Amino acid sequence: MSKNELANESTLYVYADGAKDHASVEDVEAIAEIESIVKSRAWCKEIVFVKREKNIGLAENISGGVTEIVNRYGKVIVLEDDIVTSPGFLKYMNDGLTTYEHDERVMQVSAFMFPVKESLPATFFTCLNLCWGWGTWKRSWQHFVKDEKSLINKFATQEDRKRFNLDNSYDFFSQLWFNYTGRIKTWAVKWYASMFFMNGLALHPNKSLIRNIGLDNTGTNSTPNEFYEVNGSNPNVEVNRVEIEQSVIGTEAIKSYYRLSESAKKAKPNKLFKVVKGLSIFYKLPLFILELYKKRELIIYSKKRLTIKGAFISPLSTFHFDDARDINFGKGCYVGEFTTVWVINNSKEVRNSCLIVGDNTYIGEQNNIRASGGKISIGKNCLISQQVSIIAANHEYKKEDLIRNQPWSRVNNFVSIGDDVWVGCGVQILAGVTIGNGAVVAAGSVVTKDVDPYTIVAGVPAKKVNSR
């Protein structure tokens, strides 16, 4: 940093996270050493060391620090501790932040670029916010949404997800979901999603002005990956104002690079993964494994065989079942990401659980379909939106035993949904309910009683509000 032009005119704020609970003596000493190193040299004109009293995690430390600085100065340049800058980094960043300071659609200036083969303009815009060396303004950062659930709920269609995933060249959406489930805790994908829904753009250089040296398995959320290895020693990238629109050439170059990276990962699969290539269709798939897809992690669910001919079932959905014969999908069915299906019986002797889905029925994302202890039938040409729960049976709750230990009740242990039914987002359909052909259930409703054919119901509990 000290070799950068403008370093002697800059103030460097260092946000150091605190030690984790039960941290070793070595870890505590390492944190103290970091403070000593930061204060040992004249990296910039002024250095301000901000030491967190306790460990708040990478995501909160970065996003909180950015918020503090943009609120104080109106803009900020951000580097993590594993980023090495070229001498022209600070000039490029300051020029970018000054040139586009008042252009609302420009929400970020990025300094990293993949080592793509394509010839790119000196600077260009894409919707993607590469965050290894970047900057932004208070006017942009005020749109940052930390709540991943609210971001996930904004994805109304498959097309939204496809665009967010850069035409499915990289699975950014799964990063959002894994943040929601607590599997990871990151900030950059939330910033990307926040920009995405503001139709925001980021400025990029044609050659990278930084190099990430943290891809050596020491980083919190990074693993060794030669595909992100760049020179990062370019002395200067001139920032001349260009038209504020997404660059087709630049965007396609990034998509191609992501696809190249993913292809290389698949080129050397382990022996277990070779068994499940082509998993996305589940056509005559032995379901002794279901792939969560992220990082090729494999979860064992059942040694039974499940055959679903002519149906598309996302590899990010999960099925739990005793016997594949209890699950039947018609042709042309679709099951979206993160939908969970349970078809489990009370015992091996009593098989009263099954799921039957008619032809051309769409079951969206993040749904919870529980045919355990009962039967769920869904007709043809239905539309089941997102975050819908369909529950086929209730537990018995006799006083003599814990509820969790009691079997599912055999009374009203079914849900029957007719043909051409639309079930809106967030609906809950409880056991013992029949929904007639052509009915519509409005978003957020709780269905506790039968719904007549071709009626529209809404509310908690759901009541008739109109007819088709």
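Residues numbered from 1 in each chain as written. Predicted model: local features only at pLDDT ≥ 70, side-chain atom pairs only at ≥ 80, totals over all residues. Heavy atoms only, no water.

Enquirer: Looking at this structure, I do not really get the packing of aromatic side chains. What am I missing?
Expert: In this description, a pair of aromatic rings is defined by centroid distance and the angle of the planes. A complete count under the given rule lists 30 aromatic pairs for this structure. Between the aromatic rings of phenylalanine 155 and phenylalanine 196, the centroid separation amounts to 6.1 Å while the plane-to-plane angle is 15°, which identifies the pairing as stacked. Taken together, the residues span a long stretch of sequence, with phenylalanine 155 in the loop between helix 5 (148-152) and helix 6 (158-164) and phenylalanine 196 in helix 8 (residues 188-197) at a distance of 41 residues. For the pair formed by phenylalanine 155 and phenylalanine 196, the shared burial category is buried. Between phenylalanine 164 and tyrosine 192, the ring centres sit 4.4 Å apart and the planes meet at 15°, which makes this aromatic pair stacked. Remark: tyrosine 192 occurs in helix 8 and phenylalanine 164 occurs in helix 6; sequence separation between them is 28 residues. Residue phenylalanine 164 shares its accessibility class with tyrosine 192, and that shared class is buried. Over the ring of tryptophan 137 we find arginine 139; its NZ or CZ atom is 4.2 Å from the centre of that ring. (Phe/Tyr/Trp six-rings, centres within 6.5 Å; stacked < 30°, edge-to-face > 60°. Helix = DSSP H or I, 4+ residues; strand = E, 2+ residues; numbered from the N terminus. Buried < 20%, exposed > 50% of the residue type's maximum accessible area, 1.4 Å probe, protein only. Lys NZ or Arg CZ within 6 Å of the ring centre and 35° of its normal.)

Enquirer: Could you clarify how one ought to interpret the packing of helix 7 (residues 172-180) against helix 8 in this entry?
Expert: Packed helix pairs are specified by the crossing angle of their axes together with the interaxial distance, meaning the distance between the axes. Helix 8 packs onto helix 7 with a crossing angle of 120° between their chain directions and a minimal axis gap of 9 Å. By the angle class used here, helix 7 and helix 8 are oblique. Taken as a pair, helix 7 and helix 8 cross one another with a handedness that is left-handed. Between helix 7 and helix 8, the contacting residues are Phe172, Gln175, Leu176 and Asn179 on the first element and Val189, Lys190, Tyr192 and Ala193 on the second. Its residues placed into classes, the contact of helix 7 with helix 8 shows five nonpolar, two polar and one charged. (Axes fitted to C-alpha atoms, helices over the stretch in contact; angles between N-to-C directions. Parallel < 35°, antiparallel > 145°, perpendicular 65-115°, else oblique. Left-handed = near helix turned anticlockwise from the far one by under 90°. Contact = heavy atoms within 4.5 Å. Nonpolar A, V, L, I, M, F, W, Y, C, P; charged D, E, K, R; others polar.)

Enquirer: Sorry, what's going on with the sheet that holds strand 7 (residues 134-137) here?
Expert: Sheet strands pair via backbone hydrogen bonds, and the direction of the pair is either parallel or antiparallel. Here five strands make up an open sheet; going across it, the order is 3-7-5-8-6 and the pairing mixed. Edge strands, defined here as strands with exactly one partner in the open sheet, are strand 3 (75-78) and strand 6 (123-126). The sheet shows a mean angle of 25° between the axes of neighbouring strands, direction not considered. Bridge count for strand 6 against strand 8 (residues 201-205) is four bridges, and the pairing is antiparallel. Bridging from a neighbouring strand, phenylalanine 124 pairs with histidine 204 of strand 8. On top of the sheet, helix 3 (residues 89-99) reaches strand 3, strand 5 (106-110), strand 6, strand 7 and strand 8; it is set at about 150° to strand 3, its chief contact. Seen against the sheet, helix 8 touches strand 5, strand 7 and strand 8 and runs at an angle of roughly 140° to strand 5. (Pairing = 2+ DSSP bridges.)

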